[in-house]
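Survey of secondary and tertiary structure
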Amino acid sequence: PKGSLRIKNNFIMKTLAIGLMSGTSLDGLDICFAEFEKQDQWTFRILKAETLPYSDGWEKRLKNSIHLSAEDLLELNSDYGFYLGQKVREFIDQHQLENIDLIASHGHTVFHQPQRKFTLQIGDGRAIRLETGLPVIYDFRTQDVLMQGNGAPLVPIGDELLFSKYGACLNLGGFSNISLQSDGKRIAFDIAPVNIVLNRLARKLGKDFDENGDLSRQGKINEDLLNRFNSLDFYHQPHPKSLGIEWCNEYIFPALENIEVSDALATFTEHTAQQITNVINTHHVKDILITGGGVSNTFLTEKIKAKTKSGIIIPEKEIIDYKEALIFAFMGVLRMNNEINVLSSATGSTIDHSSGVMA
């Protein structure tokens, strides 16, 4: 398809891009179609965006991916790539979109063990390209891990170039992560699990998630368990640092097995709020933009507000829901220009770099 690129001095000034994001909490595939333009600084407009819930079959396949054999995982990588391509094609057709320059896909994280020099986000970008006929940029994390980084968080480049008016940006997704300016550079790191734990607990009560935190409100905090979580070594490590489901499998899920589900929800919500506000207060953040699916958990956001004097800014729903997909689209635009899209100050890699495989 004909693109919208405007080029000046070999730099692409205006781009239309689609960003794809699938979170570890398996709440669906986020698709964001946006326009990016650079004059003195970068600006964006979200033109269309939606979340496509996974079918029971796809949710089960992605959830069980960590347990697959190598052959079955390779098959899933291809199948999921074609699935992503089909969903993007349907999205394009439904909204009659034109002049799309690129698709940037985060993929779905199966393994994330940067200390062992690997991370894996499935969803082969070549399959997406075969389905859509559009240029695709994918696998944004691996290069950073090979460069001694954590491969996460990646969104700080978007926070720096698109959302810099805020003192900090906090995402409440499967995991919570924060980015902020410190000593003239943007630092970022994962703080604590959020929806990857809360959604799993809610499912035990027949709910997909803890709507408004209502289930958590009914529980009692288990102080011994709360102290046990707060004493975990990860929280006392210096940044940059990142979390994966493997960490939850080892330290979180087993500890929550033998208490009432409502109490587990209450305890973990308190734990998450404490860890988040510890970071906010330690860095003396003036105001903080909060986005991600966890924003809808009003019990959690109330706890965060109560534990800090920082200004809490909750933006319009479009930004809450699609900021990550938007920024991955933006990372694709930067990669197309061979511009830096990963900050070493955020991930711990040896240098800033331009990451993403092009298909």
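First, a word on what this report is: a plain description of the structure on this page. It should be emphasised that the depicted structure is a prediction, and the values quoted were computed from it without experimental measurement. (Residues numbered from 1 in each chain as written. Predicted model: local features only at pLDDT ≥ 70, side-chain atom pairs only at ≥ 80, totals over all residues. Heavy atoms only, no water.)

**Looking at the nonpolar core**
One finds Ile178, Val197 and Ile252 to be the most contacted residues of the largest nonpolar core, which totals 45 residues. Counting residues per element, this core draws most heavily on helix 10 (residues 261-282), which supplies eight residues. The next biggest cluster of nonpolar side chains, apart from the first, holds 34 residues, and it includes Trp42, Leu102, Phe140 and Leu162. (Core = buried A, V, L, I, M, F, W, Y, C linked by side-chain atoms within 4.5 Å. Buried < 20%, exposed > 50% of the residue type's maximum accessible area, 1.4 Å probe, protein only. Helix = DSSP H or I, 4+ residues; strand = E, 2+ residues; numbered from the N terminus.)

**A closer look at the packing of aromatic side chains**
Following the criterion strictly, the structure yields 14 aromatic pairs and no others. Plain terms: the ring middles of Trp58 and Tyr80 are 5.6 Å apart, the flat faces sit at 55° to each other, and that makes the pair tilted. Taken together, the residues Trp58 in helix 1 (residues 56-63) and Tyr80 in helix 2 (residues 70-95) connect sequence positions 22 residues apart. Since its relative accessible area comes to 0%, Tyr80 is described here as buried. Directly above the aromatic system of Phe253 lies the positively charged group of Arg200, at a separation of 3.7 Å from the ring centroid. (Phe/Tyr/Trp six-rings, centres within 6.5 Å; stacked < 30°, edge-to-face > 60°. Lys NZ or Arg CZ within 6 Å of the ring centre and 35° of its normal.)

**Focus on the packing of helix 8 (residues 223-230) against helix 10**
Relative orientation of the contacting elements helix 8 and helix 10 amounts to 40°, with a least axis distance of 10 Å. As judged from the angle between their axes, helix 8 and helix 10 are oblique. Where helix 8 crosses over helix 10, the two elements pack in a sense that is right-handed. Residues Leu225, Leu226, Phe229 and Asn230 of helix 8 form the contact with helix 10, whose participating residues are Thr267, Phe268, Glu270, His271, Gln274 and Gln275. Looking at the contact of helix 8 with helix 10 residue by residue, the class counts come to four nonpolar, five polar and one charged. (Axes fitted to C-alpha atoms, helices over the stretch in contact; angles between N-to-C directions. Parallel < 35°, antiparallel > 145°, perpendicular 65-115°, else oblique. Left-handed = near helix turned anticlockwise from the far one by under 90°. Contact = heavy atoms within 4.5 Å. Nonpolar A, V, L, I, M, F, W, Y, C, P; charged D, E, K, R; others polar.)

**Some details on the sheet that holds strand 9 (residues 168-172)**
Pairing between sheet strands relies on hydrogen bonds along the backbone, with the strands arranged either parallel or antiparallel. Pairing is mixed in the open sheet, where five strands are placed in the order 11-10-9-12-13. Whereas interior strands pair on both sides, the edge strands pair on one side only; in this sheet they are strand 11 (185-193) and strand 13 (311-313). Looking at each pair of strands side by side, their axes are set apart by 20° on average, direction ignored. Most of the contacts of helix 10 go to strand 11, to which it runs at about 165°, and overall it touches strand 9, strand 10 (175-182), strand 11 and strand 12 (287-291). Sheet strands in contact with helix 12 (residues 317-336) are strand 9 and strand 12, and its direction is about 80° off that of strand 12. (Pairing = 2+ DSSP bridges.)

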